[in-house]
Amino acid sequence: MMRKNSGLFLLSDYRTELMGAAMIFVILFHVGMDSRNFFFPLRRLGNIGVDMFLFLSGIGLWFAWQKKPVLRHFYWRRFVRLYPAWLIMAMLFYIPNYVNTANGGYSPDIPNLVLNILFGWSFWRVDDLTFWFIPAIMVLYLVSPFYLRMIGRSSSWRWLPVLAMLWAVMVQYCPPVHSLVGHVEIFWSRVPIFLLGINCGLLVERKHNLDKASMWLLLIAFVMSLVVCLEFESALRGKFPLFLERMVYIPLAVSLTVLLAWCMDIMPRRLLCMLAFVGTLSLETYLIHIQFVLVYVQKHGLGYVLTSLVTIAVSLVLAFLLHHAVAFATRFLPK
């Protein structure tokens, strides 16, 4: 079967399905595997799901801002989608962690416990990676309207992702910067792909097919970045700063996301519906799958494949319940 379309607008048409694929990649990355396993480097690349999600989020924010460029409305829509689910799961994790851990765990005192529940303060304080993506995306949502306004006034600001990449290098190698913010390098090295997603919003909005040169460029970028990342994870693991691989994730995430969108244009509808289901529950699944499912499933030693399948299935059931509980609780809030 031939591909029907080859335009970047497919990133918008299949955005939910692509987020579902990204979420599955993240779960597969988190499931443990022996480093001697032949597939270990490929499993490590599941981490690319985070970058795909940030790239797609940036595209989505572009469309949301173009539809209604009102700061209050923009923040409220993000708040209603993100914060209620976060608040529930943060309380379920951080309160027992504080009560049951001798030193309070990630919350050494009540003020830190409150701040952890409100916005994941321990990520910024001590690089607590439990739910690191949520406090990170909160900050990105907070600043994104200002970036959208900047690129609306002058296209020169679209080069800011390049400066963000330079800043990631400074965070790693400039001692004053590293000592100040180096502990959250995982955040800084993901800022460029998010800004690139916003930049690509305009390209996605223009509904035209890519030419053959663009297609070949994407394929070359995908192959080159994939080869480099596999080499990092197989032969060079532990011998390089992690931010370096995350810089390679940028072309890998962009090219892989576009190629997946092309594939989805010819996928069976049933498979697309399954991916869309996961994508709709991606936030809740992220919050649930590690601390509330995977930590218990992995204790049974079921092996990588079965552990992954059980984790995905149970997480989706719980995510579905959480999603609808939050929707019910917030149904009377302003739209």
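Anything mentioned here points back to the structure above.
For the structure given in this document, a descriptive report is provided here. These numbers come from a predicted model, not from an experiment.

So, how was this worked out
Residues numbered from 1 in each chain as written. Predicted model: local features only at pLDDT ≥ 70, side-chain atom pairs only at ≥ 80, totals over all residues. Heavy atoms only, no water. Helix = DSSP H or I, 4+ residues; strand = E, 2+ residues; numbered from the N terminus. Rg over C-alpha atoms; globule rule 2.2 N^0.38 Å. Lys, Arg positive; Asp, Glu negative; His and termini not counted. Charge placed at Lys NZ, Arg CZ, Asp CG, Glu CD. Axes fitted to C-alpha atoms, helices over the stretch in contact; angles between N-to-C directions. Parallel < 35°, antiparallel > 145°, perpendicular 65-115°, else oblique. Left-handed = near helix turned anticlockwise from the far one by under 90°. Contact = heavy atoms within 4.5 Å. Nonpolar A, V, L, I, M, F, W, Y, C, P; charged D, E, K, R; others polar. Salt bridge = Lys/Arg side-chain N within 4 Å of Asp/Glu carboxyl O. Buried < 20%, exposed > 50% of the residue type's maximum accessible area, 1.4 Å probe, protein only. Phe/Tyr/Trp six-rings, centres within 6.5 Å; stacked < 30°, edge-to-face > 60°. Lys NZ or Arg CZ within 6 Å of the ring centre and 35° of its normal. Core = buried A, V, L, I, M, F, W, Y, C linked by side-chain atoms within 4.5 Å. Patch = residues over 30% accessible without salt bridge, like charges linked within 9 Å, V, L, I, M, F, W, Y side chains within 5 Å. Areas by Shrake-Rupley, 256 points an atom, 1.4 Å probe, with all protein chains shown as cover. 1 Å grid on protein atoms, 1.4 Å probe; cavity = no way out; pocket = protein on both sides within 12 Å on 5 of 7 lines; lining within 4 Å. Points joined across faces, edges and corners; volume = space filled by probe spheres on them. Expected span 1.5 Å × (residues − 1).

Within the chain, the secondary structure is distributed over 17 helices and zero strands. Here the C-alpha radius of gyration of the chain, 20 Å, is about what a compact globule of 335 residues would show, namely 20 Å. With the principal axes as the frame, the chain shows a C-alpha extent of 60 × 50 × 50 Å. The centroid of the 28 positive side-chain charges in the chain is displaced by 9 Å from the centroid of its 15 negative side-chain charges.

Let us now look at the packing of helix 4 (residues 48-67) against helix 8 (residues 133-153). Where helix 4 contacts helix 8, the two axes come as close as 10 Å, and the packing angle between them is 40°. Taken together, the axes of helix 4 and helix 8 lie oblique to each other. When the axes of helix 4 and helix 8 are compared, the crossing they make is right-handed. Taken together, the residues of helix 8 that come into contact with helix 4 (itself represented by Val-50, Phe-53, Leu-54, Ser-57, Leu-61, Trp-62 and Trp-65) are Phe-133, Ile-137, Leu-140, Tyr-141, Ser-144, Pro-145, Leu-148, Arg-149 and Ile-151. In the contact of helix 4 with helix 8, the residues fall into 13 nonpolar, two polar and one charged.

Let's shift gears to the pattern of salt bridges. Side chains that differ in charge, positive against negative, can pair when their charged atoms come close. Taken as a whole, this structure holds five salt bridges when the rule is applied. Between Asp-51 and Arg-190 there is a salt bridge; the shortest N-O distance is 3.1 Å. Of this pair, Asp-51 sits in helix 4 while Arg-190 is found in the loop between helix 11 (185-188) and helix 12 (191-205), placing the two residues 139 residues apart along the sequence. Where Glu-185 meets Arg-246, a salt bridge forms, and the shortest distance between an N and an O atom there is 2.5 Å. Linking Glu-185 in helix 11 with Arg-246 in helix 14 (residues 242-264), this pair joins segments that are 61 residues apart in sequence. Judged by relative accessible area, which is 9%, Arg-246 ranks as buried.

Going through the model one piece at a time under the given rule, you end up with 21 aromatic pairs. Taken together, Phe-53, Phe-123, Trp-124, Trp-132, Phe-133, Trp-167, Phe-187, Trp-188 and Tyr-286 form an aromatic cluster joined through their ring pairs. Positioned above the aromatic ring of Phe-74, the side-chain terminus of Arg-78 is 4.8 Å from the ring centre. Cation over ring: Arg-331 sits above Phe-328, and NZ or CZ is 4.0 Å from the ring centre.

Tracing the backbone through its elements, the reader meets Asn-112 in helix 6 (residues 110-119). The residues contacting Asn-112, other than those within four sequence positions of it, are Ser-107, Trp-121 and Arg-125.

With that settled, the discussion passes to the environment of Thr-280. If you trace the backbone, Thr-280 turns up in helix 15 (residues 269-280). Along the primary structure Thr-280 and Thr-101 are separated by 179 residues, whereas in three dimensions their C-alpha atoms are 34 Å apart. Residues in contact with Thr-280, not counting those within four places in the same chain, are Thr-16, Arg-81 and His-323.

Our focus in this paragraph is the nonpolar core. Ranked by size, the top nonpolar core spans 98 residues in total, and within it Leu-11, Trp-86, Phe-133, Ile-134 and Leu-287 carry the most contacts. No other element matches the 15 residues that helix 14 contributes to this core. Excluding its chain neighbours within four sequence positions, the residues that come into contact with Ile-134 are Leu-82, Trp-86, Leu-283, Tyr-286 and Leu-287.

With that settled, the discussion passes to a nonpolar patch on the surface. Taken together, the side chains of Phe-277, Val-314, Val-317, Leu-318, Phe-320 and Leu-321 present a nonpolar region at the surface, about 500 Å² in accessible area. Note that Val-314 resides in helix 17 (residues 304-329).

What describes two packed helices is the angle between their axes and the distance between those same axes. One can describe the packing of helix 8 onto helix 12 by two numbers: an axis separation of 11 Å at closest approach and a directional angle of 45°. Taken together, the axis directions place helix 8 and helix 12 in an arrangement best described as oblique. Once helix 8 is placed against helix 12, the crossing between them reads as right-handed. Every residue of helix 12 that contacts helix 8 at Ile-137, Leu-140, Ser-144, Tyr-147, Leu-148 and Ile-151 is listed here: Val-191, Phe-194, Leu-195, Ile-198 and Asn-199. Here the residues of the contact of helix 8 with helix 12 sort into nine nonpolar, two polar and no charged.

Moving on to the layout of surface pockets. Unfilled space is identified by rolling a water-sized probe across the atoms. Reported here for the largest pocket is a volume of approximately 1,200 Å³. Residue lining of the largest pocket: 42 residues in total, with Arg-15, Arg-77, Arg-78, Arg-81 and Tyr-141 positioned closest to the centre. Those elements giving two or more residues to the lining of the largest pocket turn out to be helix 2 (15-30), helix 4, helix 5 (71-100), helix 8, helix 15, helix 16 (282-297) and helix 17. Sort the elements by how many residues they give to the lining of the largest pocket and helix 4 lands first, with nine residues. When its residues are assigned to classes, the lining of the largest pocket shows 23 nonpolar, ten polar and nine charged.

The end-to-end C-alpha distance of helix 17 is 37 Å, a good match for the 38 Å that 26 residues give at a rise of 1.5 Å each. Taken as a whole, helix 17 has its buried residues at Thr-307, Ser-308, Thr-311, Ile-312, Ser-315, Leu-316, Ala-319, Leu-322, His-323 and Val-326. Of the surrounding elements, those touching the buried residues of helix 17 are helix 2, helix 5, helix 15 and helix 16.

Of note, Asp-127 is a non-glycine position whose phi angle comes to about 60°, a positive value. One can find Asp-127 in the loop between helix 7 (121-126) and helix 8.

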